[in-house]
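Below, each chain spelled out in residue letters.
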Amino acid sequence: MRYRKLGNTGLTVSEIGFGTIPILSGNVPVLPDYYSPELPEAVDIMMHAYKMGCNLYDTAIPEEYGDAEYKLGVFAEKVGREHIIISDKARFMDGNDMFREVQRSAENLGTHPDIYFVHQVDEKNQDETFSRYGALDALCDLKKAGMIRYTGIATHYYSVAARAAADSRVDVIQTSGNILERGILDRIAENAQFQGKGLILNKVYAAGCLIPAFTPAELIGGMLHYPFSCALIGIGTAEQADAAMQTEYVPVSFSFDAVTLRLAQHFAPVPCTRCQRCRCPHGYEVHILLRQYNYYHLGKNYWAMKKLRMNIDEVYEQCRKCTERQCMQDCPQKLRIPELIGRIYEMTR
Ligand code: SF4
Ligand code: SF4
């Protein structure tokens, strides 16, 4: 296992971290399939990863990750709290709510988390999160009080990550990226404001979607040149821990075209990097629709279709009438977005 610095926090983290979604039990309907090991097995799996050098374990409150927080707390006590770094998160943007949730997390874990993220910050809830007495201010107060060591913002939006990078209250940023959805990371790599911030990466396997078409060596090796501190891999079995952590993968130079060509052996992928440069004046999030299209064909049929059907009819009607097509102006892939929306619309019939 190799190690990297977590920005300016002073922490050194394993290049590969343990994402705890696959070891949770409980009814968390938004999540994809998971393994639900019982507590002793879950603790053994986390220990197995630890013995391969993993020192960062990422979790979230029960409403988001079931009993993973509790299981991680049991593991932390067994392995020795000082040997691991715990990152935790809660989706609350109000300061009072966040204050309460961090205290609850500490009770569930039986220890204080090291890093605490405001989870799922997006373009609609970011102002509340960053505002005076919002969740970020609460994390700063908790840091001063010694309840956490570092503050964090977790987001799937480049604009939010960039705002966090420019905010001195934020120590660590968590965002998503993989060899297909690399657009956010490409932009982060070009933005000097991210230097000094810890960067934790998730969705390296695209929630498992990319596993049939690529090996872990390709998925992990293809990301190693990006300036992240720790890449989280969801681990639900000892074999999965071995695949992610047993070997120090070498960097792989994987062009975006090479990735889409490989996927084209299975379906006709939309070559969207998810860079999020496309802006729609009606507020439609084109990158999410294009992502669901690819995910649908990569095995998440039910889940992706359910999400697409939420607003595809409305988006399709609007795109048909749209003459400005502002979304296409800044797309580096030169994608014909309204036509792609039409393709997705037909798919959902
Ligand atoms: S459609 Fe184009 S601009 Fe929008 S996220 Fe995809 S690649 Fe980026
Ligand atoms: S074509 Fe027009 S309505 Fe459709 S996503 Fe682009 S800007 Fe929005």
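This is a predicted model, so every value here is computed, not measured.

Visitor: In this structure, what is going on with the pattern of salt bridges? I would like to understand it.
Guide: Working definition: two side chains of opposite charge can pair if their charged atoms are close together. Following the criterion strictly, the structure yields 22 salt bridges and no others. Two residues, E101 and R104, come together in a salt bridge whose shortest N-O distance is 2.7 Å. Here the residue E101 and the residue R104 both occupy positions in helix α4 (residues 95-109), the gap between them amounting to three residues, near one helical turn. Where R169 meets D167, a salt bridge forms, and the shortest distance between an N and an O atom there is 2.8 Å. Judged by its relative accessible area of 13%, D167 falls in the buried class.

Visitor: Help me understand the site of ligand 1, please; the structure alone is not making it clear to me.
Guide: Taken together, 14 residues form the shell around ligand 1, and within it C272, C275, Q276, C278 and C331 come nearest. Class assignment for the residues of the shell around ligand 1 results in eight nonpolar, four polar and two charged.

Visitor: Whenever I open this one, the pairing of strand β8 (residues 172-176) confuses me. Can you help?
Guide: Note on strand geometry: in a regular strand, side chains alternate between the two faces of the sheet. For β8, a buried count of five out of five residues is recorded, marking the element as mostly surrounded by other parts of the structure. Here β8 shows two buried faces, one formed by V172, Q174 and S176 and the other by I173 and T175. Inspection of the sheet shows strand β7 (residues 150-154) paired to β8 by three bridges, in the parallel sense. When the sheet's bridge partners are listed, A154 is paired in β8 with Q174. With helix α7 (residues 158-165) bridging β7 and its parallel neighbour β8, the resulting β-α-β unit is right-handed. One ladder, built from five bridges, connects β8 with strand β9 (residues 198-202); its direction is parallel. Counted as the bridge partner of I173 is L199 from β9. For the crossover that starts at β8, traverses helix α8 (residues 183-190) and ends in the parallel β9, the hand is right-handed.

Visitor: Is there a simple way to think about the domain arrangement of the protein chain in this case?
Guide: It is common to give the size of an interface as the accessible area that goes away when the parts come together. Partitioning the protein chain into structural domains gives domain 1 (3-245) and domain 2 (267-347). Using C-alpha coordinates to define each centre, domain 1 is positioned 28 Å away from domain 2. Tallying the contact residues gives 20 residues for domain 1 and 16 residues for domain 2. In total, about 1,600 Å² of surface goes out of reach between domain 1 and domain 2, with carbon and sulfur atoms giving 48% of it. It is E181, R187 and C209 that lose the most area in domain 1 upon contact with domain 2, and together they represent 34% of the buried surface on that side. For the interface between domain 1 and domain 2, the tally reads three salt bridges. Across the pair R274 and E181 runs a salt bridge whose closest N-O atoms are separated by 3.9 Å. For the interface between domain 1 and domain 2, the tally reads nine residue pairs in polar contact (both at pLDDT 80 or more). Class assignment of the residues belonging to the side of domain 1 that touches domain 2 gives a composition of 10 nonpolar, four polar and six charged.

Analysis parameters
- Residues numbered from 1 in each chain as written.
- Chains lettered and ligands numbered in written order.
- Predicted model: local features only at pLDDT ≥ 70, side-chain atom pairs only at ≥ 80, totals over all residues.
- Heavy atoms only, no water.
- Salt bridge = Lys/Arg side-chain N within 4 Å of Asp/Glu carboxyl O.
- Helix = DSSP H or I, 4+ residues; strand = E, 2+ residues; numbered from the N terminus.
- Buried < 20%, exposed > 50% of the residue type's maximum accessible area, 1.4 Å probe, protein only.
- Near = heavy atom within 4 Å.
- Nonpolar A, V, L, I, M, F, W, Y, C, P; charged D, E, K, R; others polar.
- Pairing = 2+ DSSP bridges.
- Right-handed = clockwise from strand over helix to strand, strands pointing away.
- Domains from an automatic or database assignment.
- Contact = heavy atoms within 4.5 Å.
- Buried area = accessible area lost by both parts, 1.4 Å probe.
- Polar contact = N/O pair within 3.5 Å; in protein donor to acceptor, adjacent residues only side chain to side chain.

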